[in-house]
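# Survey of secondary and tertiary structure
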Amino acid sequence: MHNTRKITADLIWIGANDRRLALFENIYPIPQGISYNSYLLLDNKTVLFDTVDSAVRHQFFANLQYALGSRALDYIVVHHMEPDHCAELASLLQIHPETTIVCNLQTQKMIEQFFALNLPQQKYMLIKEGDSLNTGNHILRFIAAPMVHWPEVMMTYDETAKILFSADAFGTFGAINGNIFADEVDFCSEYLSEARRYYSNIVGKYGPQVQNVLKKAATLDIRMICPLHGFIWRQNLEYIITKYAKWAAYEPEEQSVVIAYGSIYGNTANAAEILASRLAEKGVKNIKLYDVSVTHHSYIISEAFRASALVLAAPTYNGDIFINMDNLLRDLTAHNLQNRTVAIIDNGTWAPLAGKQMAEVISKWKNCMILEPKISVKSALKAEQLTALDTLATSLKEILS
Ligand code: FEO
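Residues numbered from 1 in each chain as written. Predicted model: local features only at pLDDT ≥ 70, side-chain atom pairs only at ≥ 80, totals over all residues. Heavy atoms only, no water.

## Overview of the packing of helix α6 (residues 192-202) against helix α10 (residues 297-306)
Stated precisely, the cut-off is as follows: Where helices are involved, their axes are fitted lines through C-alpha atoms of the stretch in contact, as for all axes, and angles between N-to-C directions lie from 0 to 180°. Under the scheme used here, helices are H or I runs from DSSP no shorter than 4 residues and strands are E runs no shorter than 2 residues, and both carry numbers assigned from the N terminus. The cut-offs work like this: below 35 degrees is roughly parallel, past 145 is roughly antiparallel, 65 to 115 is roughly perpendicular, and the gaps in between are oblique. A contact between two residues is defined here by any heavy atoms of the two lying within 4.5 Å. Gly is put with the polar residues, along with every residue not named as nonpolar or charged; the nonpolar set is Ala, Val, Leu, Ile, Met, Phe, Trp, Tyr, Cys and Pro, and the charged set is Asp, Glu, Lys and Arg.
In contact at an axis separation of 8 Å, α6 and α10 are set at 100 degrees when each is read in the N-to-C sense. Relative to α10, the element α6 lies roughly perpendicular. Contact residues: Ser193, Glu194, Arg196, Arg197, Tyr199, Ser200 and Asn201 in α6; Ser298, Tyr299, Ile301, Ser302, Glu303, Phe305 and Arg306 in α10. Residue composition of the contact of α6 with α10, by class: 4 nonpolar, 5 polar and 5 charged.

## Thoughts on the pairing of strand β1 (residues 5-8)
Two faces belong to every sheet, and in a regular strand the side chains alternate between them. Basically, it comes down to this: Paired strands, as defined in this entry, are two strands with at least two bridges between them according to DSSP.
In terms of strand pairing, β1 meets strand β2 (residues 11-13) through 3 bridges, oriented antiparallel. Paired with Arg5 across the strands is Trp13, a residue of β2. A loop of 2 residues connects β1 with β2, the two strands running antiparallel in sequence.

## Some details on the pattern of salt bridges
Stated formally: The salt bridge criterion pairs a side-chain nitrogen of Lys or Arg with a carboxyl oxygen of Asp or Glu, the two atoms within 4 Å. Each residue is placed in one exposure class: buried if its accessible area under a 1.4 Å probe, protein chains only, is under 20% of its type's maximum, exposed if it is over 50%, and partly exposed if it falls in between.
Summed over the entire model, instances satisfying the criterion amount to 20 salt bridges. We note a salt bridge from Asp221 to Arg223, for which the minimum N-O separation is 2.7 Å. Relative accessible area serves as the criterion here: at 34%, Asp221 is assigned to the partly exposed category. Here Glu303 and Arg306 are joined by a salt bridge, their closest N and O atoms 2.7 Å apart. One end of the pair is Glu303 and the other is Arg306, both in helix α10 and 3 residues apart, which spans about a single turn. When sorted by exposure, Glu303 lands in the same class as Arg306, which is buried. Taken together, the shared-partner salt bridges connect Arg5, Asp183, Glu184 and Arg234 into one network.

## With respect to the environment of His149
As a reminder, the rule being used: Whenever two N or O atoms come within 3.5 Å, that pair is a polar contact, provided that in protein one can donate a hydrogen and the other can accept it, and provided that, for residues adjacent in sequence, both atoms are side-chain atoms.
Turning to its location among the elements, His149 is positioned in the loop between β13 (139-144) and β14 (154-158). Accessibility expressed as a relative area gives 9% for His149, which makes it buried. Expressed as a C-alpha distance, the spacing of His149 and His85, which sit 64 residues apart in the sequence, is 12 Å. Filtering out sequence-adjacent residues up to four positions away, His149 remains in contact with Glu25, His80, Glu82, Asp168, Ile202, Val203 and Tyr206. At a separation of 3.0 Å, a polar atom in the side chain of His149 contacts the side chain of Glu82.

## Some remarks on the packing of aromatic side chains
Selection criterion: Only Phe, Tyr and Trp rings are paired, with Trp represented by its six-membered ring, and only when their centres lie within 6.5 Å; those with planes under 30 degrees apart are stacked, over 60 edge-to-face, the remainder tilted. Counted as over-ring charges are cases with an Arg CZ or a Lys NZ within 6 Å of the ring centre that also lie within 35 degrees of the ring normal.
All told, the structure shown has 21 aromatic pairs when counted by the stated rule. When the ring of Phe60 is compared with that of Phe61, the centres are 5.0 Å apart and the planes differ by 65 degrees; the resulting orientation is edge-to-face. Between Tyr250 and Phe305, the ring centres sit 5.9 Å apart and the planes meet at 50 degrees, which makes this aromatic pair tilted. Within this pair, whereas Tyr250 is found in the loop between α8 (237-248) and β17 (254-261), its partner Phe305 is found in helix α10, the two being separated by 55 residues in sequence. Here Tyr250 and Phe305 have matching classes, each one buried. Members of the aromatic cluster, connected to one another through ring pairs, are Phe170, Tyr199, Tyr244, Trp247, Tyr250 and Phe305. Above the face of the Tyr299 ring, Arg197 is positioned so that its terminal group lies 4.0 Å from the ring centre. Here the basic side chain of Arg234 rests over the ring of Phe181, its NZ or CZ set 3.7 Å away from the ring centre.

Spelled out as structure tokens, the structure:
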């Protein structure tokens, strides 16, 4: 049975939720599921904005059939050729052979790569930045958004309704629970962290490209944002746009500390826990402490985008960095984390080398300062090292102030 929501008088959400998928992109845990948003505009011409992931195809086609009724589907606009949004394109074209695909040249190439449809050129309406499509009452203008999240990505600005169809941008992890508008939920307390985890992990690497799109968006009168995942924004758009501006500039949201540690027998964890207590005693708020072997790296990446300081603590393992910390460091490097203060604690029973190796990795991060001196634990923390931890907490607190 169909499950749709009316967005405006002539725009309908026809997406679907997946609460069974464990790992989005086979990487990111999504304990609260994921939504795949698709929108249908019923103007003089009918326009579908993107399809969905194959996992929810039955719901999507039921929604489309209901929302479209007996009308033909004139256009499908393909904003992004990643299969979580385009997987049903070939099936759609079988059901609606009358449909013209609206996309850019790079998207067309990807369509043929994924589906090998060998479609005649007249099936495509190739568009580029600034081009528009008049559907009767609406004028749809296309905006290039390369690398937000793939190179072919584009957005559509409906000049009539003043709606931005933003592709992956402004999305969030988490299924939609009936409440499709961000103003229908307590977004800040319940969903901001998942929006940040989605942003930082999916497009965090491409801050300059996101900034470029934000600059273009700033020239538009946007009343509503319709992303491909998560909530539609129709109120307080400035809130989420400001968050995006911060994340894209790699500016911390908060003066706070995230401590990520690897620990084999609990001794490095002990140092991390004591440091967290000293920080709290000195007035640092919203400290987060993570065991890198327990918490998925995507959550720690997200927290690193939130806080201004990072403490990384790990033992030496096989003469190298403890592997789960090494993986986190690689991921932080891949996501271009910048503008942070970083402190290092290492541990080793006969040759503590991890601290030096972690510093080598972090020294390549743009505008990140490594606090000296590093703390090196020999097997287990000693009473005389409590002063060093207290001094580190003081240094961190002073930098946050
Ligand atoms: Fe939601 Fe980049 O796909």
